[in-house]
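Each chain is listed here by its residues.
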Amino acid sequence: MKLPGQEEFEVSSACKNVPTGELDSSPGSGPSPDGPLNTKRGDLGVSKDPLLFIQLNELLGWPQALEWRETGRWVLFEEKVEVGTGRWSVPHVPTLALSSLQKLHSLLAEGLVLLDCPAQSFLELVEQVTRVESLSPELRGQLQALLLQRPQHLIQPTGTRPCQGSAHPREASYNEEALLKEQRQNPLRQKLPPGAEAAAVLAGELGFLVQPLGAFVRLRDPVVLGPLMEVPLPSRFFCLLLGPSTVGKGYHEIGRAMAVLLSDSQFQWTVRRASNLHDLLAALDAFLEEVTVLPPGLWDPTTRIAPPKCLPSQHKRLFSQLREVKGPPAPPGALAEDRHGHWLRTPSPELQRTGRLFGGLLQDVRRKASWYPSDFLDALHPQCLSAVLCIYLATVTNAITFGGLLGEATSGAQGVLESFLGTAAAGATFCLMAGQPLTILSSTGPVLVFERLLFSFSRDYSLDYLPFRLWVGIWVATFCLALVATEASVLVRYFTRFTEEGFCALISLIFIYDAVGKMLSLTSAYPIQSPGSPAYGCFCQYPDPGGNESQWTRTEPKDRDDISSMDLGLVNASLLPPIECTRRGGHPRGPNCHTVPDIAFFSLLLFLTSFLLATALKHVKTSRFFPSVVRKVLGDFSSVLAMLLGCGLDSFLGLATPKLTVPSEFKPTLPGRGWLVSPFGTNPWWLSVAAALPALLLSILIFMDQQITAVILNRAEYKLRKGAGFHLDLFCVALLMLLTSVLGLPWYVSATVISLAHMDSLRRERRTCALGEPCSFLGIREQRLTGLVVFILTGTSIFLAPVLKFIPMPVLYGIFLYMGVAAMSSTQFTKRVQLLLMPAKHQPDLLLLRHVSLSRVHLFTAIQLACLGLLWIIKSTPAAIIFPLTLLGLVGVRKALERVFSPQELLWLDELMPEKERSIPEKGLEPKYSLGGDSEHSELMYQPKAPEINISVN
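No experiment lies behind these values; they were computed from the predicted model shown. Each residue is numbered by its place in its chain's sequence as written, counting from 1. In view of the model being predicted, local features appear only for residues whose pLDDT reaches at least 70, and side-chain atom pairs are presented and counted only at 80 or more, with totals across whole chains, interfaces and linings using the full set of residues. To get the side-chain values, take all heavy atoms of the structure and skip hydrogens and water.

## Observations concerning the overall build of the protein chain
Put simply, the test is: Secondary structure counts use DSSP, requiring at least four H or I residues in a row for a helix and at least two E residues in a row for a strand, with both numbered from the N terminus. The cut-offs for exposure are 20% and 50% of the maximum accessible area for each residue type, with area from a 1.4 Å probe on protein chains only; residues under the lower value are buried, those over the upper are exposed, and the others partly exposed. Any two residues whose heavy atoms approach within 4.5 Å are treated as being in contact. For the accessible areas, the method is Shrake-Rupley and the probe is 1.4 Å, while residue cover comes only from the protein chains on display.
Secondary structure assignment for the protein chain yields 37 helices and 15 strands. Counting every position in the protein chain, which comprises 954 residues, the buried fraction comes to 52%. Sequence separation of at least 24 residues holds for 78% of the intrachain contacts in the protein chain that already meet a minimum separation of 6. If you sum the accessible surface of the protein chain, you get close to 41300 Å²; carbon and sulfur atoms cover 63% of it.

Pasting the structure below:
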C-alpha cells in the first residue's frame, strides 16, 4: 500500500545529535525537532511537522439542553475529564475498541472530506461543513447554530478555581477579551512549544439526524477558531462526527478514535500530505495494521496504562511501510549497514587517521576553533552557577585529600599548597586549550600510587626525589607528544564498554574507599570513650598540695551515677569537668582533657546526612513531588544544598568537628626549596637517561587514564554537538606534565568521577514536553567557563581560609561518597552484578536477558569482577609498578573474550571491536536482525541505546 510522500524517505546511517542549544535557551522554547513530540521523521531526512494538540468536544444533553463539553485532549497521551471532580485525569496511553475504528472508517468513506479548505474563520468553516445534500435548509440552520455554541472547557489557571465556559453564545460574544485572557492563563499553553497547531474533534448524538454525518477538514492555513479550543492555537484539522442516538458510547468512542489517530505521528504525517480520500483511508488502514489487540476476557477496558519511560522508536513502522513501497527487503549486507547506524559504534571523525605527522592534532584544533566563541557565550546560563559551586567544592576537597595523601607519600616533598596551585594552574590552562573542556583535571588514585612508588625508590637508593621526578616528567611529556604525533589516540576505538566499565568501577571504588576510610580515621583522632572511664582520662589537679579548703570545696555526688564532681579522696585531685575545674582554681591534667566524646558520632552523622541528602535531592528531580521548576532546582543544587545543610547543622550544635584546612602562606611545603626544581641536584647525570624506564610505564598509565575518561565523556549517548578532541587533550596533558614537573607540582590527568559530575550538573533537558512524557535529555551545556571559574576559585582558595574553614570534613567525605556511588551505580556492570543476587523470577526485563542466556551473562560479569579485583590487588601491593600494564591488559582480555563469547552475545553485553563490526555480515548475524516478519528482533533492533556509563542519569 503506497502512502503519499514516502518516496522522500532517506534512511540515515547514524543517529543524529540534537542540534544547537537554542532548544532550551529561553522559557517556552520548543522541543527538539528529533524529539518524541514531533513526527519521527526528523532523523530520516524528512521535513519536521509542528506539534499537534487534539481536543475532543462532545455534544451532551439530548434532548433537553444541548451543550458542547470538552471531554478529552491529546498531545502524545490521553487526558480525560474526571466527571464530578472538576479535574483532568493523569496522562495515559489510550486504548480503543476495534469496532470504533471500523465505524470511523465507514464514516470517513461516506462523509465529507475537504483537504486544503480555504476557510479563514470558524463561521466559514461551519458553513463549509454543513453543505451536505442530505441536510434540509432547516436542519442545516439548526446544525450551524449548534456548532457555533461556545463549548465548556475545564481550564484551571494557577492559583484560581476551575473556570467553566458559558453555554450561551450571546453571552460569549460580549466577553471575547475575558475569553482570550482565560485561554492564555491555561497552564497547558506553557507546555506547548511555539508553532504548535491544534485539531478539533466534535462528536455526539443528535436526534433530528436520520443518518450519520461525518466530515474531515484540513485547513490550507491554520486558523484560530476562537472559543472552540481551550488554548488559543491555530487549528489545522477539524473533524465532525454526528449521528442519531445509539445504544452505548458509540459516537464518544468514534470521536476518541479520531483523536487518537491524529495523535499518532505516522498517521498525522500522512494526513498532512494527503491529496484525496483514498490517501486518508490508506493512512487509517496502515494504522490498523499496527494495532495490538487485547483479549476482552483478560483485559479491563477501564484500566489506564501509564506512559512509558522511553517512547518506542518509529523506525520499524517506517521500514514496514517502505518495504511495501519499494518492494522486497534489501540484501543482508545492506541491512547490516543500516543496523550499524544505531547499534554498532561508528568511528567518529576525531578517530580517523590522517596519515600525517600531528595530523589528528591539527584537525582537532581546526574543529574546536570554530566553537571557541560559543564556548564562553553558552555559559551565560543560571545552570552554570550551580555547576561551578558543586564542582568547586568537589575540586577543593579532592585537592586537599590528595594533597594530604601526597604529603604523606612523599614525606612533605609535596603537600596541600602544591596541590592547590597545581590544580588551579593545570586545570585553568586545560580548560582554555583542551578539545573537551568539560573534563576536570585532578590527581587520581593510579597516579598517586605511581608517585608513592617513585618516592620509595628514590629514598631506598638515596636519590634526590624532585630532580629524579623532573626527568621522569620530561620523558613522559616526550612520549605523550610522540603518541600525539603518531595519532595513537585512534586506538581508543578498541576501548569498549568492558574496558570503560572496569576503569570507571576502579576509580569509583577508590572514591568510595577513600571517603569511608577517611571517615573511619576520625575515630582514631577523636576516640570514642564510654562515660564509665575515670573522667575520660582527665583529672583536675589543684596547685596547693596542702588542700586549702578556701580554694575549693569538697563535694559529694548528688547520686551514685554522678561521679564527675566526686572527690577522688586524693590530696589534690578531682573528677571535675575541665571547665568547672578551671573555675574552681584547678588545672585539667590528662590526655583527653580537651577531647569531646561526641565528635566521632556526630561526624558520622554529618557524613551520612550529606550523602543521603544529596542522593535524595537528586532523585527529587524525577519524582512526583513539587512543581517542575522546584524539582529542577533541587536536583541541580543537590550537592550544594546537602553541603549547606551539613554546615548549618554543624554550626548549630557547635561541636569541634574537623574542618576544611587550607594553607595560609604561599610557599613550598618542603623547607629550603624554591619553586623551580633543579635538573640534577645530587643525582648523577646518567639518571636523567635511566628515568626513561619508569617514564615509559607512567606514559602508559597517563594515556590509559586520560583516554578512557575521554572516551566515557564523549560517548554518543551524551549528545555532545561540538565534538571531541582526543589528540588535543593528550597534547595539553603532555605540556602540563612538563610544567608541573619543573615546578615540583603534582601530575594531573582527567578525573573520571568529578568530570562525570561536572557533565551531570550541565544536563540540558527540554522545557516543553507533552503531558505524561518525561523531560527528554537534549545533551550537555558545552562550554569552557564553568571549569575555568572552578579552577580560578581553587587557586584563590588559599586566600579564602576564613570562609572555607567552617566546612566540616565529614560533609565533604559524604559528597565524595555520593559521587563515587553515583558513578558506580550508573553502569551496566552494576546492573549485571545485581542480577547475581536476584532469583530469576525477580529479575528486571532487561533487553540483554532476552538475547543472552543468564549463565552467559553471569560468566561475563564474573570475568569483569575478577579483572576489577586483580586491578585493586595490584594497585594496593608493591606490584603496583606494573599497574599501567594491567590497565592496558584490559584491552587484551576483552580481545580474548571473542573466543569465549559469540559476536551476538558481545553485541548485547559489550560492543564489537572495529574489525568485528566490519565482518558482521560474514559472521551470520543478519538473520537474527532481519527486517522481515514481525519478530521481536526486528522491533528491538531500532530501539535507541540508552547510556550505560552515564552521568548519574536517573
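Okay, back to it.
## Thoughts on the packing of aromatic side chains
Cut-off, in case you're wondering: Two rings from Phe, Tyr or Trp (for Trp, the six-membered ring) form a pair when their centres are within 6.5 Å of each other. A pair whose planes differ by under 30 degrees is stacked, one over 60 is edge-to-face, and the rest are tilted. Any Lys NZ or Arg CZ found within 6 Å of a ring centre and within 35 degrees of that ring's normal is scored as a charge over the ring.
In total, this model carries 10 aromatic pairs according to the counting rule given. Members of the aromatic cluster, each reached through a chain of ring pairs, are F457, Y461 and F468. Its end group placed over the ring of W88, R73 keeps NZ or CZ at 4.0 Å from the ring centre.

## Some words on the nonpolar core
Our working definition: Among buried residues, those of type Ala, Val, Leu, Ile, Met, Phe, Trp, Tyr and Cys that are joined through side-chain atoms within 4.5 Å constitute a nonpolar core.
Ranked by size, the top nonpolar core spans 137 residues in total, and within it V472, L698, I702 and M819 carry the most contacts. Each residue touching L698, except ones within four places of it in the same chain, is listed here: F450, V472, V476, M737 and W747. In this structure, L59, L206, L209 and V223 belong to the second largest nonpolar core, which totals 37 residues.

## What to know about unusual backbone geometry
Unlike most non-glycine residues, F358 shows phi in positive territory, near 60°. Counting through the fold element by element, F358 comes out in the loop between helix 11 (332-340) and helix 12 (359-369). On the basis of relative accessible area, F358 is assigned to the partly exposed category, the value being 30%.

## Describing the pairing of strand 2 (residues 67-74)
Heads up, the rule is: In short, DSSP must find at least two bridges between two strands for them to pair.
With 7 of its 8 residues buried, strand 2 lies for the most part within the structure. Strand direction decides the pairing type here: strand 1 (residues 52-60) and strand 2, joined by 7 bridges, are antiparallel. Within the sheet, the bridge partner assigned to L59 lies in strand 2 and is W68. Here strand 1 hands over to strand 2 after 6 residues, with G61 in that stretch at a positive phi of 95°. Across 3 bridges, the pairing between strand 2 and strand 3 (residues 78-82) is antiparallel. Pairing of R73 across the sheet is with E79, part of strand 3.

## Points about the environment of V900
Following the sequence through the fold, V900 ends up in the loop between helix 33 (883-896) and helix 34 (903-909). Taking relative accessible area as the criterion, V900 reaches 39% and is therefore assigned partly exposed. Contacts of V900, omitting those with residues within four sequence positions, involve R856 and L859.

## Some thoughts on the pattern of salt bridges
The condition is simple: Here, a salt bridge means any Lys or Arg side-chain nitrogen found within 4 Å of an Asp or Glu carboxyl oxygen.
For the structure on display, the rule yields 24 salt bridges. A salt bridge links E197 to R272; the shortest N-O distance between them is 3.1 Å. A residue pair is termed long-range when its members are at least 10 positions apart, and E197 in strand 6 (residues 197-205) and R272 in helix 8 (residues 265-272) qualify at 75 residues. Judged by relative accessible area, E197 falls into the buried class, the value being 6%. Given the relative accessible area of 15%, R272 is considered buried. Taken together, the shared-partner salt bridges connect D375, D378, R721, K722 and R784 into one network.

## Some thoughts on the packing of helix 32 (residues 854-875) against helix 33
Put simply, the test is: Note on geometry: axes are lines fitted to C-alpha atoms, helical ones only across the stretch in contact, with angles between N-to-C directions running from 0 to 180 degrees. Any angle between 65 and 115 degrees counts as roughly perpendicular, while under 35 counts as roughly parallel, over 145 as roughly antiparallel, and the rest as oblique. Each residue gets one of three labels, nonpolar for Ala, Val, Leu, Ile, Met, Phe, Trp, Tyr, Cys and Pro, charged for Asp, Glu, Lys and Arg, and polar for the others, Gly among them.
Helix 33 packs onto helix 32 with a crossing angle of 170° between their chain directions and a minimal axis gap of 10 Å. Relative to helix 33, helix 32 is oriented roughly antiparallel. Mapping the contact onto sequence places I863, C867, L871, I874 and K875 in helix 32 and F883, T886, L887, L890 and V893 in helix 33. Here the contact of helix 32 with helix 33 is composed, by residue class, of 8 nonpolar, 1 polar and 1 charged.

## A short note on the sheet that holds strand 2
The strand order 4-3-2-1-6-8-7-5 describes an open sheet built from 8 strands, whose pairing is mixed. Both outer strands of the open sheet, strand 4 (87-88) and strand 5 (112-117), are each paired with one neighbouring strand and no more. In this structure, strand 7 (residues 213-224) lies alongside strand 8 (residues 234-243), joined through 8 bridges in antiparallel fashion. Across the sheet, the residue bridging to F216 is C239, located in strand 8.

## Some details on the confidence of the model for the protein chain
Here is the rule we go by: As a per-residue quantity, pLDDT reports the predictor's confidence and falls between 0 and 100.
Averaged over every residue, the pLDDT of the protein chain is 75; the share at 70 or more is 75%. Here residues 1-47 is a poorly scored stretch, pLDDT under 50, and it has 137 contacts once near neighbours within four places are set aside; other chains count. Scored below 50 in pLDDT, residues 547-571 shows 31 contacts in the model against residues more than four places distant or in partner chains.

## Quick look at the environment of Y513
Along the polypeptide, Y513 turns up in helix 18 (residues 497-525). Its relative accessible area of 56% is what places Y513 among the exposed residues. Separated by 307 residues in sequence, Y513 and G820 have C-alpha atoms that sit 9.1 Å apart.

## Some details on the packing of helix 1 (residues 98-110) against helix 7 (residues 250-263)
Their axes nearest at 9 Å, the elements helix 1 and helix 7 cross at an angle of 85°. For the element pair helix 1 / helix 7, the angle class is roughly perpendicular. Taking contact as the criterion, the partners of S100, L101, K103, L104 and L107 in helix 1 are, on helix 7, Y251, E253, I254, A257, M258 and L261. Across the contact of helix 1 with helix 7, the residue classes tally to 8 nonpolar, 1 polar and 2 charged.

## Quick look at the environment of L812
Position of L812 among the secondary structure elements: in helix 29 (residues 809-825). The sequence separation of L812 and K659 amounts to 153 residues, and the corresponding C-alpha distance is 9.7 Å.

## As for helix 9 (residues 277-289)
Inclusion rule: Working rule for helices: expected span equals 1.5 Å times residues minus one. Any N or O atom pair separated by 3.5 Å or less is treated as a polar contact, with the protein-specific requirement of one donor-capable and one acceptor-capable atom, and with residues adjacent in sequence counted only for side-chain atom pairs.
Under the 1.5 Å per step criterion, the end-to-end length of helix 9 is 19 Å for 13 residues, consistent within 8% with the ideal 18 Å. Turning to helix 9, its buried residues number three or more, namely D279, L280, L281, A282, A283, L284, A286 and F287. Buried positions along helix 9 lie against helix 1, strand 5, strand 7, helix 7 and helix 8. Among the residues of helix 9, the N-terminal cap falls to N276, whose side-chain oxygen and the backbone nitrogen of H278 are separated by 3.1 Å.

## Regarding the pairing of strand 7
The pairing of strand 5 with strand 7 spans 5 bridges and is parallel. Bridge pairing in strand 7 places L115 opposite R218.

## Focus: the side chain of D375
Take D375: it is sitting in helix 13 (residues 374-377). Exposure remark for D375: the relative accessible area of 1% places this residue in the buried category. Of note is the side chain of D375, whose polar atom sits 2.8 Å from the side chain of K722. Residues within four places of D375 in sequence aside, it is in contact with K722, E782, Q783, R784 and L785.

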